[in-house]
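One-letter residues, chain by chain:
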Amino acid sequence: MEQMSMGGRIKRIRNSLNMTMEEFAKAIKVSGKSTVNEWEKDRATPGAAALSKISNLTNVSEDWLVFGTPSEYVFSVLKKETTDNSTALYKSILTYLENTSILQFDDEELSYDDNGDYLDDSTYEHIVMKEITSKINLILHEHSDHILEKYTKAHSIDVYRKEIDIINYATEYFLKLSYLNQHTFEAEYNALKQGLLLYDPSTSLYHKTGDTNEVTNIDVYLDSVKDHSESISKYVDDFYKNKLRLIQETALAEIESVKNQRIEKINELKI
């Protein structure tokens, strides 16, 4: 999402009025064109009085001048919050990404530089974090308008100056998405694939590079463990049996709860 700065918005207003910087400065009663120039280059910002005059001159809100559109504002708030990987929002988005294929990237490709040399741990970690940040920004770009729509519908208020509320709402939003995605085929497949990757470290799933074990492609692994097909089948069966047992236990508990509620209601009505 392309973000326009406050200076960019002021310049757009001035251009829409067909005014030079000097004419614009006179219209809002500030010292001169140098002041307007500083604003438009984002080297300074208008004070409260100047913002009010610009708003009255053009019939745009002061909030739009300062923050941009509600959509731009929500995106910028969430993006800023995710620059810290210890925040609840960052962790909720990461959890959501882990339940989809979005977070997956070619580990083999990222492990080497342009000359084909193996990267040291710190450089590799930096590249991975950069990839994760890029994917988080992509997710924010895709979901910020939906978050805005649901937030304003739920609260019936505008979003400006509601940073904490927006961040908390978005955190809950991604946690719910993560929960829902855990029950999709894609999430089940990814969970099973991770289980297979951990299944037997002694097979050719792992190959030796120096003192570290590197995971190879899952297809290579599956081709290499034909002798273990019976064990893998049992693993898959157990995986889904546990899933079905959990669903059954949840359903039985819900039925029991509904039954008890109805018995209580009957007792209250003395039927």
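Before reading on, note that the structure itself is shown above.
Computed from a predicted structure; not experimentally measured. (Residues numbered from 1 in each chain as written. Predicted model: local features only at pLDDT ≥ 70, side-chain atom pairs only at ≥ 80, totals over all residues. Heavy atoms only, no water.)

Asker: Before we go on, may I ask you to explain the nonpolar core in this structure?
Answerer: Counting 27 residues, the largest nonpolar core has Leu 78, Ile 93 and Phe 174 as its most contacted members. Put simply, the parts of the chain that give this core at least two residues each are helix H6 (70-81), helix H7 (88-98), helix H9 (121-155) and helix H10 (163-181). The biggest single contributor to this core is H9, with eight residues. Residues within four places of Leu 78 in sequence aside, it is in contact with Leu 89, Leu 140, Ile 147, Ile 166, Ile 167 and Ala 170. Phe 24, Ile 28, Leu 51 and Trp 64 belong to the second largest nonpolar core, which has 13 residues in total. (Core = buried A, V, L, I, M, F, W, Y, C linked by side-chain atoms within 4.5 Å. Buried < 20%, exposed > 50% of the residue type's maximum accessible area, 1.4 Å probe, protein only. Helix = DSSP H or I, 4+ residues; strand = E, 2+ residues; numbered from the N terminus. Contact = heavy atoms within 4.5 Å.)

Asker: I'm lost on unusual backbone geometry in this one. Help?
Answerer: Where the residue is not glycine, phi is negative for most of them; where a peptide bond is considered, it is trans in most cases. Its identity is not glycine, yet Asn 18 carries a phi of approximately 60°, on the positive side. Here Asn 18 lies in the loop between helix H1 (6-16) and helix H2 (21-27). For Arg 161, which is not a glycine, the phi torsion comes out positive at approximately 60°.

Asker: Which parts of the structure should I look at to understand the side chain of Ser 55?
Answerer: With respect to the secondary-structure elements, Ser 55 resides in helix H4 (residues 48-58). The buried category is assigned to Ser 55, whose relative accessible area is 12%. Ser 55 has contacts with Val 60, Ser 61, Glu 62 and Leu 65, leaving out every residue within four places of it along the chain.

Asker: Please clarify how the environment of Leu 57 should be interpreted in this entry.
Answerer: Inspection of the secondary structure assignment puts Leu 57 in helix H4. Its relative accessible area of 33% is what places Leu 57 among the partly exposed residues. Leu 57 sits 33 residues away from Phe 24 along the chain, and the two C-alpha atoms are 9.8 Å apart. Those residues in contact with Leu 57 that sit more than four places away from it in its chain are Leu 17, Phe 24, Ala 27 and Ile 28.

Asker: Sorry, what's going on with the packing of H6 against H9 here?
Answerer: Two packed helices can be described by the angle between their axes and the distance between those axes. Running from N to C, H6 and H9 point in directions that differ by 130°, and their axes come no closer than 9 Å. Considered as vectors, H6 and H9 are oriented oblique to each other. Both H6 and H9 take part in a crossing whose hand is right-handed. Only Asn 137, Leu 140, His 141, Ser 144, Asp 145, Ile 147 and Leu 148 of H9 make contact with H6, whose side of the interface consists of Pro 70, Ser 71, Val 74, Phe 75, Leu 78 and Lys 79. Broken down by class, the residue content of the contact of H6 with H9 amounts to seven nonpolar, four polar and two charged. (Axes fitted to C-alpha atoms, helices over the stretch in contact; angles between N-to-C directions. Parallel < 35°, antiparallel > 145°, perpendicular 65-115°, else oblique. Left-handed = near helix turned anticlockwise from the far one by under 90°. Nonpolar A, V, L, I, M, F, W, Y, C, P; charged D, E, K, R; others polar.)

Asker: Just checking my understanding: could you explain the pattern of salt bridges for this structure?
Answerer: Pairs can form between side chains of opposite charge whenever their charged atoms are close. Going through the model one piece at a time under the given rule, you end up with six salt bridges. For Arg 14, the salt bridge is made with Glu 40, and the minimal N-O distance between the two is 2.6 Å. With Arg 14 in helix H1 and Glu 40 in helix H3 (residues 33-40), this pair connects stretches of sequence that are 26 residues apart. By relative accessible area, Glu 40 is classed as buried at 11%. Here Glu 249 and Arg 245 are joined by a salt bridge, their closest N and O atoms 3.8 Å apart. Of the two residues, Glu 249 and Arg 245 both sit in helix H13 (residues 229-269), four residues apart, roughly one turn of that helix. Residue classification places Glu 249 among the partly exposed positions, given a relative accessible area of 45%. (Salt bridge = Lys/Arg side-chain N within 4 Å of Asp/Glu carboxyl O.)

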